Amino acid sequence: MMSQMPQPTALSRCPSCEEPLEAADRFCGACGYDLSTVSAPPQDHPTIAMNGTPAGPPPATPSVDWPLAQEPGSTDTPAPVHRAADIHGTDSGGSELPHPEHPEPPEHAQGDPAGIRPATARRPAGRPSGVRFDRPSEPDEYPLAPPAGEPPAARGRPADGPDPEVPDPRTADLPAPPAGAKLCVACRAGQVDPDGYCENCGHAQPRERDHMEQELGAVAAVSDRGLRHHRNEDAFAVSSTALPDGSPAVVAIVCDGVSSATRPDEASLAASHAANESLLATLPLGTHPQAAMHEAIVAASEAVNALAGPDTAQGEHAPHVNAPACTIVGALVTSTLLIVGWVGDSRVYWVPADRSSLPARLTEDDSWAAQMVAAGLMNEAEAYADERAHAITGWLGADAYELEPHTVSFKPDRPGVVVVCTDGLWNYAETAEEMAEAVPPDAAERPLHAARVLVGHALDGGGHDNVTVAVMPFPAPSQGAGSA
């Protein structure tokens, strides 16, 4: 049997590639689509009514002159958006639809050539310009899925409706939680148990360490998970106290968990807390700040060692294997002194307020790259380009070969800011000059803003690691006195 010849189509565009068509086209000239396979469009109005009598023509109503959306131009500028309230029209009975009057020209006619207004016209409060946080913000409501594998009927409710016996946790009149209790981010009513789950709806809560900020009068710190890691293994502690003569002393401790070790997040948290508590205990007693920093690093080491359990040891006298470990770096600022202490590859930078003066890096890494440079086997650029560059040779942990805290005392002759950070930041601003360029000019007056900007600098660069930074003005402001 002969095949039927395809008939001309009444389509204006190809249903496959949107190529314009002529009335006599049987195939698309661009993609070859067989236009005969496209069924004729149905009639807009039925010819027979449901009662069997012929239907009359539809009632005549005033037509609405709907504007055509403009095609995007070659500059990829989006076409203007027309909202229903912006266009005059009539309802199904022919009555005029309410239309808001515009005493002034639309905003897009004044200053937005694309005709599109952002959903939020103002920058969210608390987020400074120049700071970019690439993760989406938390939604106002979290959709809660039913238990896996359990049909709705098995839970005693219709498959297409809510359970009449279980109140909606978002609207139910639940008892008020105790004062100070943490509320669930999903139902906003239930308490969060120690395991991080809501006791009302069972929703897992976001981890607090993904992004942390703290600000005192004379120091601020920010820590962020970054864009590639599944958790934040950094930790920090900032505080201020008074020396015996009443002058202020400001402390910043930053720790970076060793990812190849077990429980690195616990190690960094324990070390930062122990070092900070040690400094707050010894400084008011008159201990020299440099000696106090040394004692703080020893205390941090002991706290991390205590995390190593029997499962990470081989025999009574054998060294611990893959025990929790971290690096540590700390800075102590007084009215005349700047004390720096560290073990590992986290760093401290000095950025003078007068940017015509030279900045400086105040620490030397305990790393393979630093050893190669110190031995004269490579220059710094070659060493840090090697894949072994970040292999550390010093850390806190039960499996460390020996503890060798580094402490240095400085007497800057001009004001400036001290930047204490992990390699998650300095990987994107390695030299002192690069770090000084990244530090905002008003960092001494707005340390929290400066810390946010520096974290944003690392995230803009790729955020391959956890990022933690503390910013401290020097000399310590007098209002920083008093323990915190």
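Throughout, a residue's number is its position along its own chain's written sequence, starting from 1. Reporting of local features is limited, given that this is a predicted model, to residues whose pLDDT is at least 70; pairs of side-chain atoms are given and counted only at 80 or more, and all residues count toward the totals for whole chains, interfaces and linings. Processing note: side-chain calculations cover all non-hydrogen atoms of the structure and skip hydrogens and water entirely.

**Describing the overall build of the protein**
Reasoning step 1: Assigned secondary structure in the protein consists of eight helices and 12 strands.
Reasoning step 2: Throughout this description, buried means an accessible area under 20% of the type-specific maximum (1.4 Å probe, protein chains only), exposed means over 50%, and partly exposed covers the range between. Evaluated residue by residue, the protein yields a buried proportion of 37% over its 484 residues.
Reasoning step 3: Any two residues having at least one pair of non-hydrogen atoms within 4.5 Å are treated as being in contact. In the protein, the proportion of contacts linking residues at least 24 apart, taken out of those at least 6 apart, comes to 60%.
Reasoning step 4: With the model as given, the accessible surface of the protein reaches about 28000 Å², and the carbon-plus-sulfur share is 54%. Secondary structure elements are defined from DSSP: runs of H or I of at least 4 residues count as helices, runs of E of at least 2 residues count as strands, and each element is numbered from the N terminus. We get accessible surface area from the Shrake-Rupley algorithm with a probe of 1.4 Å; when it comes to residues, only the shown protein chains can shield them.

**Focus: the sheet that holds strand β12 (residues 467-474)**
Reasoning step 1: We call two strands paired when DSSP finds no fewer than two bridges between them. Overall, antiparallel pairing links the six strands, which are arranged β1-β2-β12-β11-β7-β8 in an open sheet. The sheet is open, and its two borders are formed by β1 (211-215) and β8 (360-361), each paired with just one other strand.
Reasoning step 2: Of the pairings in the sheet, the one linking strand β2 (residues 220-224) to β12 comprises five bridges and is antiparallel in character. Looking across to β12, one finds that Ser-223 is bridged to Thr-468.
Reasoning step 3: To get an axis, a line is fitted to the C-alpha atoms, and for a helix only the part in contact is used. The angle between two axes follows their N-to-C directions and goes from 0 to 180 degrees. The strands touched by helix α8 (residues 447-461) within the sheet are β1, β2, β11 (416-421) and β12, with β2 carrying the most contacts at an inclination of about 25 degrees.

**Notes on the pairing of strand β6 (residues 338-343)**
Reasoning step 1: When you tally the buried positions in β6, you get six out of six residues, the bulk of the element.
Reasoning step 2: By the alternation rule, side chains of β6 split into Leu-338, Val-340 and Trp-342 and Ile-339, Gly-341 and Val-343, which are all buried.
Reasoning step 3: For strand β5 (residues 325-333) and β6, the ladder comprises six bridges, and the chain directions are antiparallel. Bridging across to β6, Ile-328 finds its partner in Val-343.
Reasoning step 4: Between β5 and β6, which pair antiparallel in sequence order, lie four residues.
Reasoning step 5: Note that β6 and strand β10 (residues 406-410) share five bridges and pair antiparallel. Counted as the bridge partner of Trp-342 is His-406 from β10.

**Comments concerning the side chain of Ser-357**
Reasoning step 1: Within the secondary structure, Ser-357 is located in the loop between β7 (347-352) and β8.
Reasoning step 2: Owing to a relative accessible area of 12%, Ser-357 belongs among the buried residues under this scheme.

**Section: the nonpolar core**
Reasoning step 1: To define a nonpolar core, start from buried Ala, Val, Leu, Ile, Met, Phe, Trp, Tyr and Cys residues and group those joined through side-chain atoms within 4.5 Å. Counting residues in each nonpolar core, the largest one holds 33 residues, and the members touching the most others are Val-419, Leu-425, Met-435, Val-439, Leu-454, Val-469 and Val-471.
Reasoning step 2: Counting residues per element, this core draws most heavily on α8, which supplies seven residues.
Reasoning step 3: The residues contacting Val-471, other than those within four sequence positions of it, are Ala-218, Val-219, Ala-220, Val-417, Val-418, Ala-443, Pro-447, Ala-450, Ala-451 and Leu-454.
Reasoning step 4: By size, the runner-up hydrophobic cluster in this structure holds 24 residues, among which are Phe-236, Val-238, Val-333 and Val-418.

**As for the packing of aromatic side chains**
Reasoning step 1: Stacked, tilted and edge-to-face pairs are distinguished by plane angle, under 30 degrees for stacked and over 60 for edge-to-face with tilted covering the rest, among Phe, Tyr and Trp rings (Trp via its six-membered ring) whose centres lie within 6.5 Å. Tallying each qualifying case throughout the model produces three aromatic pairs.
Reasoning step 2: Arranged with centres 5.9 Å apart and planes meeting at 80 degrees, the rings of Trp-350 and Phe-474 form a pair that is edge-to-face. Taken together, the residues span a long stretch of sequence, with Trp-350 in strand β7 and Phe-474 in strand β12 at a distance of 124 residues. Residues Trp-350 and Phe-474 agree in their burial class; the two are buried.
Reasoning step 3: Ring centres 6.0 Å apart and planes at 65 degrees place the aromatic pair Trp-395 and Tyr-401 in the edge-to-face group.
Reasoning step 4: In this structure Trp-395 comes out as buried when scored by relative accessible area, which is 17%.
Reasoning step 5: Remark: a charge is flagged as sitting over a ring if the NZ atom of Lys or the CZ atom of Arg is within 6 Å of the ring centre and within 35 degrees of the ring normal. Lying across the ring of Trp-426, Arg-347 places its NZ or CZ 3.4 Å from the centre.

**Structural notes on helix α3 (residues 289-305)**
Residues spaced three or four apart along an α-helix point in a common direction, a consequence of the helix completing one turn every 3.6 residues.
Reasoning step 1: A rise of 1.5 Å per residue sets the reference length of α3, with its 17 residues, at 24 Å; its end C-alpha atoms lie 24 Å apart and thus fit the reference within 8%.
Reasoning step 2: Considered for burial, the residues of α3 that qualify are Pro-289, Ala-292, Met-293, Ala-296, Ile-297, Ala-300, Ser-301 and Val-304.
Reasoning step 3: For α3, the secondary structure elements touched by its buried residues are α2 (264-282), β5, β6, β9 (396-397) and β10. Helix span is expected to be 1.5 Å times the residue number reduced by one.

**With respect to the confidence of the model for the protein**
Reasoning step 1: Across the protein, the average pLDDT comes to 75, with 64% of residues at 70 or higher.
Reasoning step 2: Confidence of the predictor in every single residue is expressed as pLDDT, which spans 0 to 100. Counting contacts from residues 58-94, a segment whose pLDDT is below 50, to residues more than four positions away or on other chains yields 36 contacts.
Reasoning step 3: Low pLDDT, under 50, characterises residues 102-162; the stretch is placed with 65 contacts to residues that sit more than four places away or in other chains.

**Re unusual backbone geometry**
Reasoning step 1: Residue Pro-475 is bonded to the preceding Phe-474 through a cis peptide linkage, with omega at -5 degrees.
Reasoning step 2: Within the secondary structure, Pro-475 is located in the segment after β12.
Reasoning step 3: One non-glycine residue, Arg-263, adopts positive backbone phi at about 45 degrees.
Reasoning step 4: Relative to the assigned elements, Arg-263 resides in the loop between β4 (248-257) and α2.
Reasoning step 5: Take Arg-263: its relative accessible area is 30%, and that puts it in the partly exposed class.

**Observations regarding the pattern of salt bridges**
As a working rule, side chains carrying opposite charge can pair if their charged atoms are close by.
Reasoning step 1: When a carboxyl oxygen of Asp or Glu is within 4 Å of a side-chain nitrogen of Lys or Arg, the pair counts as a salt bridge. Evaluated as defined, the whole model comprises 11 salt bridges.
Reasoning step 2: Across the salt bridge formed by Arg-452 and Glu-213, the nearest N and O atoms sit 2.8 Å from each other. Here the residue Arg-452 occupies a position in helix α8, and Glu-213 occupies one in strand β1, the gap between them amounting to 239 residues.
Reasoning step 3: Note that Glu-380 is salt-bridged to Arg-361, the shortest N-O span being 3.5 Å. Highlighted residues: Glu-380 in helix α5 (residues 380-385) and Arg-361 in strand β8, separated in sequence by 19 residues.

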